[in-house]
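Letter by letter, the chains look like this.
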Amino acid sequence: MTTPYQRLDKDNAAVLLVDHQAGLLSLVRDIDPDKFKNNVLALGNLARYFKLPTILTTSFESGPNGPLVPELKAQFPDAPYIARPGQINA
């Protein structure tokens, strides 16, 4: 028995933004890092527009990954923020 398709509903969804850190943005090779950052911020704008719960997470901020992109933190000042110190598991 298959479950019928259910369209994504903003009342039953969340956005998880994982490891969008300053040091990692420069490692993106298939898109210009500035375009990538702008795309991430645009996704954040959509999450805010639709009032989706949003969670921010980082790994190893004190090391080469660096801090969360400040503009993203500014977009979601009250969002749950999970810093995973010492974990690089991508």
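Worth saying up front: this structure is predicted, and the values here are computed from it rather than measured.

**Topic: the sheet that holds strand β3 (residues 81–84)**
Here 3 strands make up an open sheet; going across it, the order is β1-β2-β3 and the pairing parallel. Of all the strands in the sheet, the pair left with one neighbour each is β1 (15–18) and β3. Ignoring which end each strand starts from, the neighbouring axes of this sheet average 15° apart. Pairing analysis gives 4 bridges linking strand β2 (residues 54–59) to β3, with the strands arranged parallel. Bridge assignment links Ser-59 to a residue of β3, and that residue is Arg-84.

**Some words on a nonpolar patch on the surface**
A surface patch of nonpolar side chains, about 440 Å² in accessible area, is lined by Leu-43, Leu-46, Tyr-49 and Phe-50. Counting through the fold element by element, Leu-46 comes out in helix α2 (residues 33–49). Residue Leu-46 is classed as partly exposed on the basis of its relative accessible area of 46%.

Analysis parameters
Residues numbered from 1 in each chain as written. Predicted model: local features only at pLDDT ≥ 70, side-chain atom pairs only at ≥ 80, totals over all residues. Heavy atoms only, no water. Pairing = 2+ DSSP bridges. Helix = DSSP H or I, 4+ residues; strand = E, 2+ residues; numbered from the N terminus. Axes fitted to C-alpha atoms, helices over the stretch in contact; angles between N-to-C directions. Patch = residues over 30% accessible without salt bridge, like charges linked within 9 Å, V, L, I, M, F, W, Y side chains within 5 Å. Areas by Shrake-Rupley, 256 points an atom, 1.4 Å probe, with all protein chains shown as cover. Salt bridge = Lys/Arg side-chain N within 4 Å of Asp/Glu carboxyl O. Buried < 20%, exposed > 50% of the residue type's maximum accessible area, 1.4 Å probe, protein only.

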